[in-house]
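Breakdown of the fold
Here is how the chains run, residue by residue.
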Amino acid sequence: MTTPCSSYSANANKMAAFLQWRKFVFFDKDTVKDPVDSGKNVVLPGGISACDSGRGHIVLGDMDGKIWLMTRSLQLTYFQAYKLRVTHLYQLKQHSILISVGQDEQGINPLVKVWNLDKRDSGNPLCTRIFPAIPGNKPTEVSCLSVHENLNFMAIGFTDGSVVLTKGDITRDRHSKTLTLHEGSSPVTGLAFRQVAKVTHLFVATLERVHCYTLSIKEYPKVELDTHGCALRCSSLADPSQDSQFIVAGDECVYLYQPDERGPCFAFDGHKLLAHWHRGYLFLLIRDAKSPNNVTSVLRTGFGNRESSPSDKQLLTIYDLDNKFIAYSASFDDVIDVVAEWGSFYILTRDGKMFVLQEKDTQTKLEMLFKKNLFVMAINLAKSQHLDSDGLSEIFRQYGDHLYLKGDHDGAIQQYIRTIGKLEPSYVIRKFLDAQRIHNLTAYLQALHRQSLANADHTTLLLNCYTKLKDSSKLEEFIKSSDSEVHFDVEIAIKVLRQAGYHSHAVFLAEKHMHHEWYLKIQLEDLKNYQEGLRYIGRLPFEQAESTMKHYGKTLMLHVPEDTTLLLKGLCTNYHPSGDAPEKDSPERSRVNKANSEEFIPIFANNPRELKAFLEHMIEVDPCSPQGVYDTLLELRLQDWAHEQDPQRKRVLQGEAVSLLRSDNTVFDKALVLCQMHNFKEGVLYLYEKGKLYQQIMHYHMQNEEYGKIVEACKRYGDQEGCLWEQALGYFARKEEDCKAYISEVLHHIDQNNLMPPLLVVQTLAHNSTATLSVIKDYLINKLQRESQQIEDDERKIRQYREETAHLRSEIQELKTSAKIFQKTKCNMCNSPLELPSVHFLCSHSFHQHCFESYAESEAECPTCTPENRKVMDMLRAQDQKRDLHDHFNRQLRSSNDGFSVVADYFGRGVFNKLTLVTDLPGNKTAGSLEGNLQKDLLIHTKRNC
């Protein structure tokens, strides 16, 4: 309990404050046994006058000038430090340096010696420095001693009220200097160095006052902290857990000081004999009330000369100032000092005994607190002991269970909230599922969400709690938290709110966190707010708007067809979200977002008017629209044309349909089927013509008995497909009506182009009873006349070929039997007079040798006759190659209108000639050798040099 110091004027108040602290036994007390003989206790040397600990030793000084070192194995060794006595010892915690104050001669002549315990001199620790402790010129007794851990400061307090400060390396005389820092009339009872960052302070306590010096400033400024002091050894310096405050134990209170002000104080009554701070605990040794209480006598007589009596009982109390409890309290006889080493606390008494206090482990202390239901204290203790989060969580759980059993559900839930992250939430939730505890459950679930540890079930449960409580304000606060504070599954929250009927809250949550699908589900399926849903879709990015329209397009088209159609037009051309106008040069503006319009056609299933408007818009804006767009638009236009009764309007619709067909964007097969379904004659005929289905055009006219159209079709397409005339003749021949005019016209074209044999024409017309001989009279006469003319021409060519053959045979014979005289005088190449050397050929052509070599392609061929000879040879090779092409002959015969001409052509090529193999004649002369040589002489002329 901390209060202003002035509040402790009355003893009743002091005792009341002290009695409020709970008392525990957190230490186990044992007498230290002799390591050699465990049945005996350790016996300390007699006449101990000073002690300290550190660096693995307990250091003792006696009245004979010896310094004793006790190791962890409790072995005692000593060395003679002074000739008379040791009065003070100070062991540094971070260095193996021991500072002692003692006397080597009678009188007041205190000497300070600095010992290095790691180095030896003749078996003893090395003494690195000796200097007298005298403030000024007059000798006085040393009352206290303190050394800074950095070895740069040492302060010595004297009974005359002065403090001598040694600055520099305290282990050497050469590198240090000494000055009198403080002077006064009251004996100095306590000194302590405080180091925080780079600032060094020295606290000075006397019987009457407390001061603080700042040593890191050159002038060493002094601050007077209080006007009352303490007895000898009743001051200490706390560790950083208490902000390194200076502790002064007065008879009425214990005071804590900062370098510039007084801190809290504690009303611990009793005459203080000793104050120490070890490992977070304050040790106070209080003299029994029957003992004499004269501090000045203590200072005067010193430690070694003070005599104790059996009634001189002393109470050692260990305080935990952080957690406000007494960790241990016990009586001892005439305590010399309390030291901390090897993880335990040791109490040295003047009767030579040594006691050890071993602290219980944290878990044992916590269990002791749990048994007394002191959970708050257990929590504070665990925190001060730096217990891990798992251990703290278990304490919070036990505390929560305790409060829950007591019926304090509000307090219990607060403890359970502190277990979040360690304790399974279901453990807590099951306890508070009762409707009467729904407020507590709500608080726990809220905390669970704040720490982002809630799952989908927790979110569902919390929202159900809100809806059960009808707490709209909490619900809105929960769902309207900022994005950085959202600690729940948004989608689960939307589902729960929707199921509970909180549609407006669900819509808000979906819109805020951009759960577009849920927003539209609620707007369109629950609230039936189609216009708002359509507006929301128009603000979505392209990909999401496209997928959403595919999902909800039919519903929107059913209720808001015009606006839906307008949105689809934008979506399929160049879509930009509404209210999001990109800058001219931005990448978003240059990128064209365009959906496939064909995919949205099913949306217009029951809205043909809007569908037609949509499709017409698409082909107008984007002529390269998909095929399905054109096909669907053609179907709509044909439907309108078929149902239209107004002739004028019908002609307009017909023109629109035909223009769409002529755009060449429709699929041929689909367009043809549509035109046939709707009996759209212009479209059917156009598509037949486009697909070169001329026979289909003929059949169409034949089915509709359009005789003039049949003849007209033959005239237009007869050149591409000659059988049309034959089909037309057959059609008219089957008609019993008078079709003489059409038959005559057809026959005229057949005759002109020689499309049918006369016999086939006669056979075809024989089936028509109305077709008389007069109908084909002119045809037959013309046909016979041309045949006669053809016969005459063929006979004339036969005579010509025979004459040419006879002439060739005579030339061959002449070449065989007569000599060839070359009488050419000019070169056939350059037309210059011939000069030797020259080249002559049997074909009567002569050349200069240089002209021949320049122009001849081969030495064995005449350059002038070569082109003609090559043609002949090519014809011969072609005939040889085609001689066995029977398949080709059969195909050509079947496809030709005049098979006789084909047969005659193949006869001329020698296809039907019989192949005869002739063996060698006697004398190694073949039957055809002579004829072969003559052909070679005639066609492939030899070269002769003249």
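As the structure is a prediction and not an experimental result, all values here were calculated from the model.

1. Structural notes on the packing of aromatic side chains
Ring pairs (aromatic) are described by centroid distance and by the angle formed between their planes. According to the stated counting rule, one finds 30 aromatic pairs in the structure shown. For the pair Phe 283 and Phe 345, a centre-to-centre distance of 4.7 Å together with 65 degrees between the ring planes defines the contact as edge-to-face. A residue pair is termed long-range when its members are at least 10 positions apart, and Phe 283 in strand S24 (residues 281-287) and Phe 345 in strand S28 (residues 344-349) qualify at 62 residues. For the pair Phe 283 and Phe 345, a shared accessibility class is recorded, and that class is buried. Ring geometry for Phe 375 and Tyr 399: centres 5.2 Å apart, planes at 15 degrees, overall stacked. Placement of the pair is Phe 375 in helix H4 (residues 375-384) and Tyr 399 in helix H5 (residues 389-406), with a sequence separation of 24 residues.

2. A word on the sheet that holds S24
Taken together, the 5 strands give an open sheet; going across it, the order is S1-S26-S25-S24-S23, and neighbouring strands pair in mixed fashion. Two strands in the sheet have a free side with no partner beyond their single neighbour: strand S1 (22-23) and strand S23 (271-278). Note: strand S25 (residues 313-320) against strand S26 (residues 325-333), 8 bridges, orientation antiparallel. Across the sheet, the residue bridging to Thr 317 is Ser 329, located in S26.

3. Notes on the sheet that holds strand S10 (residues 124-132)
Within the open sheet, the 4 strands sit side by side as S7-S8-S9-S10. Their pairing is antiparallel. Looking at strand neighbours, the two that pair on one side only are strand S7 (85-91) and S10, the edges of this open sheet. This sheet shows a mean twist of 25 degrees between the axes of neighbouring strands, independent of strand direction. Inspection of the sheet shows strand S9 (residues 110-121) paired to S10 by 8 bridges, in the antiparallel sense. The partner of Asp 121 across the bridge, within S10, is Asn 124.

4. Details of the packing of helix H13 (residues 516-526) against helix H15 (residues 542-559)
The interhelical angle for the contact between H13 and H15, taken along N-to-C directions, is 15 degrees, at an axis separation of 12 Å. Overall, the two elements H13 and H15 adopt an arrangement that is roughly parallel. Between H13 and H15 lies a crossing of right-handed hand. When H13 is examined against H15, the residues His 516, Glu 517, Leu 520, Lys 521, Leu 524 and Glu 525 are found in contact with a partner set consisting of Gln 544, Thr 548, Tyr 552 and Leu 556. The residue inventory of the contact of H13 with H15, partitioned by class, reads 4 nonpolar, 3 polar and 3 charged.

5. What to know about helix H14 (residues 530-537)
For H14, the full list of buried residues reads Tyr 530, Gly 533, Leu 534, Tyr 536 and Ile 537. Each buried residue of H14 lies within a common arc of 160 degrees when the element is viewed along its axis, so the set occupies one face.

6. A look at the packing of helix H8 (residues 438-450) against helix H9 (residues 456-469)
Interhelical geometry of H8 versus H9 gives an angle of 140 degrees and a closest axis separation of 9 Å. Judged by the angle between their axes, H8 and H9 are oblique. Between H8 and H9 the crossing geometry is left-handed. Counting all contacts with H8, which are made through Ile 438, His 439, Leu 441, Thr 442, Leu 445, Gln 446, Leu 448 and His 449, the residues of H9 involved are His 458, Thr 459, Leu 461, Leu 462, Cys 465, Tyr 466, Lys 468 and Leu 469. Classifying every residue of the contact of H8 with H9 by side-chain character gives 9 nonpolar, 6 polar and 1 charged.

Conventions and cut-offs
Residues numbered from 1 in each chain as written. Predicted model: local features only at pLDDT ≥ 70, side-chain atom pairs only at ≥ 80, totals over all residues. Heavy atoms only, no water. Phe/Tyr/Trp six-rings, centres within 6.5 Å; stacked < 30°, edge-to-face > 60°. Helix = DSSP H or I, 4+ residues; strand = E, 2+ residues; numbered from the N terminus. Buried < 20%, exposed > 50% of the residue type's maximum accessible area, 1.4 Å probe, protein only. Pairing = 2+ DSSP bridges. Axes fitted to C-alpha atoms, helices over the stretch in contact; angles between N-to-C directions. Parallel < 35°, antiparallel > 145°, perpendicular 65-115°, else oblique. Left-handed = near helix turned anticlockwise from the far one by under 90°. Contact = heavy atoms within 4.5 Å. Nonpolar A, V, L, I, M, F, W, Y, C, P; charged D, E, K, R; others polar. Arc of directions from axis to C-beta.

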